[in-house]
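# Topology and contacts: notes
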Amino acid sequence: MRVNRWALLVLPATLFLLAFFVVPLLDMSIRSVTEPPDAGLSNYTRFFEQEANLRVLTNTFWIATLTTLVCLLIGFPFAYLMTAVPGRIAGLLLIAVLLPFWSSLLVRTFAWQVILRDTGLLNSFLMDLGLTREPLPLVRTTTGVIIGMSHILLPFMVLPIWAVLRRIDPEFSRAAANLGASPATAFRRVVLPLSLPGVLAGCLLVFVLALGFYITPALLGGPRDQMISQLIVEQVQRTLDWGFAAAMSVLLMAFTLAILFVASRAVRVQDVFGSAGEE
Amino acid sequence: MRRGMTVAAVLAAAVVVGCSSGATGPEPQGAAASPVKLTGDACDPPRQDGVTLTLAAQGGAYQDALTKAWEEPYTALTGVEWINDGNSSNATVRAQVESGQVTWDVVDVGSDFGLDAHKALLEPLDFGLIPRDEMNPDLRATDYRVPVMTYGTVLAYNTDASTGKTPTGWADFFDPSKIPGKRGVWDYATGGIFEMALLADGVAPADLYPLDLDRAAAKLDAIKDDIVLWGTGAESRELIGSGEVAMSMMWNGRTWGAIHEDNRPVDIQWNQQILSADYFVVPKGSPNREAAMRFIAWAVCAANNGALSKYIPYGPTNVNSEPDAAMVDDLAVSHVDDSTAYFDDAYLVDHFDEIDAAWQDWKSR
């Protein structure tokens with residue numbers, strides 16, 4: 001039997017993941033049932049005993065869902081446009097998508113605060129024009145959180161969709177037209193189904209990343225817009241109750257894995273994460 | 001970071017110089033070889049050349065003030081060099097102690113730390129050296145912490161946004177019909193918001209504890225739609241300065257920054273302030289435990305404790321210490337009266353889960 005020696009190249013990455021991801025994750029899971037020493041499942045029951053925690057958990061998934069939808073509504077047309085325009089303009093559009101990657105999340109979140117707050121740019125502009133008389137409640141609200149998070153996560157939606165769309169042969173649309181399909185029908189019955197793996201990849205990426213947000217909801221949200229990461233950070237930083245923090249983290253991970261599992265029933269995961277190799 | 005690098009460079013140079021001079025002269029080879037003896041007066045420490053202490057605080061203007069008021073004069077006096085870390089956090093103290101990798105010698109912490117509940121993480125302080133009996137008793141030194149500076153959690157108001165009306169106390173903060181507008185509140189269950197709601201509802205400062213959480217939550221409901229939560233002092237300064245909130249609970253040092261550095265129309269209502277302190281603690285297993293005790297004793301002794309107020313509006317904790325004359329009106333300790341409240345730190349730490357649950361519950365409802 002011959003072992004492909006090139007396979008050894010993944011060894012460093014595997015060791016790295018083991019040491020800095022798998023081991024800490026195990027350590028955290030163990031901590032959730034061993035701290036305090038007689039903890040058992042008490043950290044978990046404590047989480048579910050407080051109604052506020054469940055509301056925050058529900059809210060976390062709700063905000064992640066809304067963010068995913070907003071990213072999809074903006075991201076798909078944008079990615080489609082990138083495939084439809086000449087190469088040079090597509091390059092500019094790509095830079096526009098990537099630009100946010102190169103500045104800090106914190107800076108962008110503060111920038112949104114400056115734009116959206118009651119005395120901020122947008123509200124002053126609208127009120128100076130006489131379009132509104134009272135400032136719109138754009139910040140310290142769920143709206144503010146969704147705006148901020150969608151902006152930050154948009155590239156994770158656009159890039160996978162664009163990667164799939166650009167591999168769809170334009171001849172397919174032409175063939176559909178030849179067979180009598182209107183442009184709308186051709187899009188709906190040919191382009192859309194073929195782009196589905198990219199759409200699902202984008203949605204999963206955005207959704208999973210959104211679940212872990214905490215700076216943006218803290219700065220742009222109101223009292224009711226808490227996400228579970230904020231609770232975890234408080235337990236880690238302030239109260240030093242790392243057992244409870246670990247239990248909440250394990251719960252968040254478990255819910256996320258459950259969703260990925262359900263999603264994997266609906267679609268083939270390799271379509272989503274490994275479609276590049278199948279051509 | 002830059003300061004850390006500079007200190008490291010100075011240290012490296014000192015080591016080189018120390019080695020070469022050791023070959024030619026009779027000077028001791030640095031204090032690492034000769035441990036500091038704990039003798040003499042707190043205000044009069046011995047030379048400790050070659051010792052480097054690491055001080056962790058919250059960075060920013062406060063850390064700069066600590067450097068100017070205490071670190072630099074202490075270096076001139078004793079030869080102790082400094083490494084500053086601007087990311088003090090209770091979690092890091094715990095992580096350092098539990099992993100056995102303690103690099104911090106002196107840590108500046110808030111009133112929620114340094115209690116008996118944290119004794120596994122901290123060295124008992126040397127009160128043979130540190131003048132505990134000179135400390136303001138309302139600030140609750142423990143066996144593990146000593147207060148080093150005072151500040152107030154106060155009612156700050158933007159004079160433009162509050163439309164000419166002056167809030168007289170927390171009752172006005174909780175009454176939107178008297179002064180409309182948003183209210184800034186620290187998003188931290190034991191940061192004072194429940195105390196303020198109870199003070200507004202007529203509870204006397206001495207009767208705050210045990211906290212009546214239901215009563216406080218009911219009072220908070222009156223301003224639920226007007227509340228803007230802030231997470232850092234810098235945010236509160238921005239909120240009150242820009243007028244996004246008409247009033248805010250905030251720390252008097254940040255209010256001072258909004259008034260004197262940002263030149264914003266902001267003022268402080270000192271009535272019903274909560275007076276509290278920052279503390280110095282020594283993590284368990286600090287490699288320079290004795291030198292750390294020496295420094296802490298020196299920083300809180302009567303002659304030096306007031307020096308911090310030259311650079312930042314945080315007053316002394318030593319009752320025999322004089323604050324800076326130019327800053328005295330801006331210090332929370334100068335405005336202490338019958339209306340002043342104090343945190344019961346031990347109660348707040350022991351009941352944190354219950355109080356935090358009430359806060360999360362109120363927020364998420």
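This one's a predicted model, so the numbers in the text were calculated from it and none came from an experiment. (Residues numbered from 1 in each chain as written. Chains lettered and ligands numbered in written order. Predicted model: local features only at pLDDT ≥ 70, side-chain atom pairs only at ≥ 80, totals over all residues. Heavy atoms only, no water.)

### Observations concerning the pattern of salt bridges
- For the structure shown, the criterion picks out 23 salt bridges over all chains.
- E35 of chain A is the partner of R31 of chain A in a salt bridge, and the nearest nitrogen-oxygen pair spans 2.6 Å.
- Exposure remark for R31 of chain A: the relative accessible area of 23% places this residue in the partly exposed category.
- Judged by relative accessible area, E35 of chain A falls into the buried class, the value being 16%.
- The closest approach of N and O atoms between R238 of chain A and D112 of chain B, which form a salt bridge, is 2.8 Å. Of this pair, R238 of chain A sits in helix α11 (residues 228-239) while D112 of chain B sits in the loop between β3 (106-109) and β4 (146-158), which puts the two residues in different chains.
- Each of R31 and E35 of chain A together with R94 and E98 of chain B takes part in a single network of salt bridges with overlapping partners. (Salt bridge = Lys/Arg side-chain N within 4 Å of Asp/Glu carboxyl O. Buried < 20%, exposed > 50% of the residue type's maximum accessible area, 1.4 Å probe, protein only. Helix = DSSP H or I, 4+ residues; strand = E, 2+ residues; numbered from the N terminus.)

### Here's the deal with the state of the cysteines
- By the definition in use, this model includes 1 disulfide over all chains.
- Here C43 of chain B pairs with C301 of chain B through a disulfide, and the sulfurs are 2.0 Å apart. Sign of the S-S torsion, about 130 degrees for the bond between C43 of chain B and C301 of chain B, identifies this disulfide as right-handed. With C43 of chain B in the loop between α1 (2-24) and β1 (52-56) and C301 of chain B in the loop between α9 (289-300) and α10 (302-305), this residue pair connects regions lying 258 residues apart in the sequence.
- For C43 of chain B, a relative accessible area of 27% gives the class partly exposed.
- Cysteine C71 of chain A shares no disulfide, and the gap to the nearest cysteine sulfur, in C203 of chain A, comes to 8.9 Å. (Disulfide = S-S within 2.5 Å.)

### Topic: the environment of K68 of chain B
- Inspection of the secondary structure assignment puts K68 of chain B in helix α2 (residues 60-78).
- Sequence separation between K68 of chain B and A307 of chain B is 239 residues; the distance between their C-alpha atoms is 9.0 Å.

### What about the domain arrangement of chain B?
Residue and element names in this part refer to chain B.
- Considered domain by domain, chain B is made up of domain 1 (52-150 + 278-331) and domain 2 (151-276 + 333-364).
- Summarising the inter-unit geometry, the C-alpha centres of domain 1 and domain 2 are found 26 Å apart.
- With 22 residues of domain 1 at the interface, the matching set in domain 2 holds 18 residues.
- Surface buried jointly by domain 1 and domain 2 totals about 1,800 Å² across both partners, of which 57% is contributed by carbon and sulfur atoms.
- When residues of domain 1 are sorted by the area they lose upon contact with domain 2, R140, T150 and L331 head the list and together hold 26% of the total.
- Counting every contact that joins domain 1 to domain 2 gives 2 salt bridges.
- Here D345 makes a salt bridge to R145, at a shortest N to O gap of 2.6 Å.
- Among the secondary structure elements, those contributing two or more residues to the side of domain 1 that touches domain 2 are β4 and β8 (266-281).
- Looking at the side of domain 1 that touches domain 2, its residues break down into 11 nonpolar, 4 polar and 7 charged. (Domains from an automatic or database assignment. Contact = heavy atoms within 4.5 Å. Buried area = accessible area lost by both parts, 1.4 Å probe. Nonpolar A, V, L, I, M, F, W, Y, C, P; charged D, E, K, R; others polar.)

### Remarks on the pairing of β3 of chain B
Residues and elements named next belong to chain B.
- Burial of β3 is two-sided: the residues V106 and D108 facing one way and the residues V107 and V109 facing the other way are all buried.
- Here 2 bridges tie β1 to β3, and the two strands are oriented parallel to one another. Considered in β3, the bridge of A56 is made with V107.
- Relative to β8, β3 is paired through 3 bridges, and the arrangement is antiparallel. Of the residues in β8, the one forming a bridge with V109 is Y279. (Pairing = 2+ DSSP bridges.)

### A few points about the pairing of β4 of chain B
All names here are of chain B.
- Counting buried residues along β4, 13 of its 13 residues qualify, which places the element largely inside the surrounding structure.
- Both β4 and β8 contribute to a ladder of 11 bridges, which runs antiparallel. Considered in β8, the bridge of M149 is made with D278.
- Note: β4 against strand β7 (residues 247-251), 5 bridges, orientation antiparallel. Its bridge partner lying in β7, V154 is registered against M250.

### A closer look at the interface of chain A and chain B
- If you look at the interface, chain A gives 27 residues, while chain B gives 32 residues.
- Interface area for chain A against chain B, summed over the two sides, is near 2,600 Å², with a carbon-plus-sulfur share of 47%.
- One can count 7 salt bridges joining chain A with chain B.
- Residue R140 of chain A pairs with E244 of chain B through a salt bridge whose shortest N-O separation is 3.3 Å.
- On the surface where chain A and chain B come into contact, there are 13 residue pairs in polar contact (both at pLDDT 80 or more).
- Those elements that provide at least two residues to the side of chain A that touches chain B are α3 (51-84), α5 (105-116) and α11 of chain A. (Polar contact = N/O pair within 3.5 Å; in protein donor to acceptor, adjacent residues only side chain to side chain.)

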